[in-house]
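Inside the fold
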Amino acid sequence: MKKGRGRTSRIRRRKLSRSSESRGVNESCKPEFIELKKWLKDRKFKDPNLIPARFPGTGRGLMSKTSLREGQMIISLPENCLLTTDTVIRSYVGAHIAKWQPPLSPLLALCTFLVAEKHAGTRSSWKPYLDILPKAYTLPVCLEPEVVDLLPKPLKAKAREQRTCVQELFTSSRDFFSSLQPLFSEAVESIFSYSALLWAWCTVNTRSVYMKLQRRQCFSAEPDTSVLAPYLDLLNHSPNVQVKAAFNEDTRCYEIRTASSCRRHEEAFICYGPHDNQRLLLEYGFLATRNPHACVYVSEDILVKYLPSTDKQMNKKISILKDHDFVENLTFGWDGPSWRLLTALKLLCLQAEEFTCWKKVLLGEIISDTNEKTSLDIAQKICHYFIEESNAMLQKVSRMKDEEVALVNQLTLVETLRTEELRILQASAELLSNSQAALT
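For clarity, every value in this text was computed on a predicted model and none was experimentally measured.

From N to C terminus, the chain includes 17 helices and 13 strands. Overall size of the chain, expressed as C-alpha extent along the three principal axes, is 80 × 75 × 55 Å. A total of 440 residues make up the chain; the buried ones form 50% of that total. Nonlocal contacts in the chain, meaning residues at least 24 apart in sequence, comprise 72% of its contacts between residues at least 6 apart. Here the chain has roughly 22900 Å² of accessible surface; of this, 50% comes from carbon and sulfur atoms. For the chain, the centre of its 61 positive side-chain charges and the centre of its 51 negative side-chain charges are spaced 9 Å apart.

So, in structure tokens, the structure goes:
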């Protein structure tokens, strides 16, 4: 037998392949991370478990220096490392925020501080942290309008709402920003620009951790729960891990314990929650590959697209669905159409003589073989509609990537989302075909 052709060699190669896929490139010697480590050390933080690294697929993250056991503490970040609204109020902008009427939201206070500190540059005591923050984000609010138009319909609507939200925040905050002029030699309009506020808003919304703070009277009634946690926020999301994360009142540290093991030199993850890819893109600006929670949403207009227009009870059926919260979160997933989607379709497909049984449908009871078959047929038609739409959009994205070179990164994000959703729909179509065959 030739060298390297045996079973032991094959096993070794497979292990090396798996290791290389998950192993990152150590970045702890980069100047920005050296400065960050010094900054954290001055605040009594030491990390024996993790180092900054760059990984294939997820980009920058934290790599385990040793094997991590289930239940092990992976990070304990002291309170004085956290950037909170308390930090803001104690700063040079605090007095201006405290006296402003109507009171600012905690979110705007954090954004204001971030913009001011970024402008301060080398004079900022938070510079080592600011230097490792992303220069730009990929939330839908940051995407070009022609790219947003390529998103799935429900996400497109939320993306436009997101853009409107940030634009309104900027417009409504201009007078407050003007009140900060005594703090700066430059015109505040050039410091607190829309792009600067957008960057700060994305930073808070994508990188903060949850920590409930005592409400201050100088802030509006909105919950004060967003806290920026330097270094800790380098941990990337994985839907396949579990962690326990909270502020420990006894140690005065924000602590993360892993509920999953992690091998040495592999990326350590946290989980932001059981989010589908549309929500991950909307709230964090990224997609999770092989996401078990990924799904395709069915809007109300598509739900009724293939139902007979002659159904005189259709308006009443839709009203019942709305009253019982059955027109939202109707989805196709890796395991086919959701129970909510099939239940909504079963109610919509009730014959006139079956209509009085609508309560039984919502309770999950089978009304008739005909109702079961009709609802599966409609689900299959909706599924194929989405498959055709996804294929058409993917072709359009491919053409635009050739024509709009400057938008390639944004278009690739949409392409990844659409491709993942196409796979989900194809899996759902196959499962539906099997279910239909079982009824014949």
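Next comes the rest of the account.
Turning to the packing of aromatic side chains, a few remarks are in order. Taken as a whole and assessed by the stated rule, the structure comprises 14 aromatic pairs. Ring centres of Phe177 and Phe192 lie 4.8 Å apart, and the angle between their planes is 15 degrees; this geometry places the pair in the stacked category. Of this pair, Phe177 sits in helix α8 (residues 153–179) while Phe192 sits in the loop between α9 (188–191) and α10 (194–207), placing them 15 residues apart in sequence. On the basis of relative accessibility, which here comes to 4%, the residue Phe192 falls in the buried class. Ring centres of Tyr272 and Phe286 lie 6.0 Å apart, and the angle between their planes is 75 degrees; this geometry places the pair in the edge-to-face category. Taken together, the residues Tyr272 in the loop between β10 (267–270) and α11 (277–284) and Phe286 in the loop between α11 and β11 (295–297) connect sequence positions 14 residues apart. A residue is classified by how much of its surface remains accessible, and Tyr272, at 24% relative accessible area, is partly exposed. Taking relative accessible area as the criterion, Phe286 reaches 24% and is therefore assigned partly exposed.

Right, let's get into the sheet that holds strand β13 (residues 336–337). If you walk across this open sheet you meet the three strands as β11-β12-β13, and the pairing is antiparallel. Each edge of the open sheet is held by one strand with a lone partner, namely β11 and β13. Bridging between β11 and strand β12 (residues 331–333) involves three bridges; their strand directions are antiparallel. Residue Tyr297 lies in a different strand from β12, and its bridge partner there is Thr331. In the packing of helix α17 (residues 408–439) onto the sheet, contacts are made with β11, β12 and β13, and the angle to β12 comes to roughly 90 degrees.

To continue, consider the pattern of salt bridges. Counting across every chain of the model gives 19 salt bridges. Linking Arg252 and Glu79 is a salt bridge whose minimum nitrogen-to-oxygen distance equals 2.9 Å. Taken together, the residues span a long stretch of sequence, with Arg252 in the loop between β8 (243–248) and β9 (253–258) and Glu79 in the loop between β4 (73–78) and α3 (85–90) at a distance of 173 residues. For Arg252, a relative accessible area of 33% gives the class partly exposed.

Moving on: the confidence of the model for the chain. For the chain, per-residue confidence averages 94 on the pLDDT scale, and residues scoring 70 or more make up 95% of the total. Here residues 15–20 is a poorly scored stretch, pLDDT under 50, and it has one contact once near neighbours within four places are set aside; other chains count.

Criteria and thresholds
- Residues numbered from 1 in each chain as written.
- Predicted model: local features only at pLDDT ≥ 70, side-chain atom pairs only at ≥ 80, totals over all residues.
- Heavy atoms only, no water.
- Helix = DSSP H or I, 4+ residues; strand = E, 2+ residues; numbered from the N terminus.
- Buried < 20%, exposed > 50% of the residue type's maximum accessible area, 1.4 Å probe, protein only.
- Contact = heavy atoms within 4.5 Å.
- Areas by Shrake-Rupley, 256 points an atom, 1.4 Å probe, with all protein chains shown as cover.
- Lys, Arg positive; Asp, Glu negative; His and termini not counted.
- Charge placed at Lys NZ, Arg CZ, Asp CG, Glu CD.
- Phe/Tyr/Trp six-rings, centres within 6.5 Å; stacked < 30°, edge-to-face > 60°.
- Pairing = 2+ DSSP bridges.
- Axes fitted to C-alpha atoms, helices over the stretch in contact; angles between N-to-C directions.
- Salt bridge = Lys/Arg side-chain N within 4 Å of Asp/Glu carboxyl O.
- pLDDT = per-residue confidence, 0-100.

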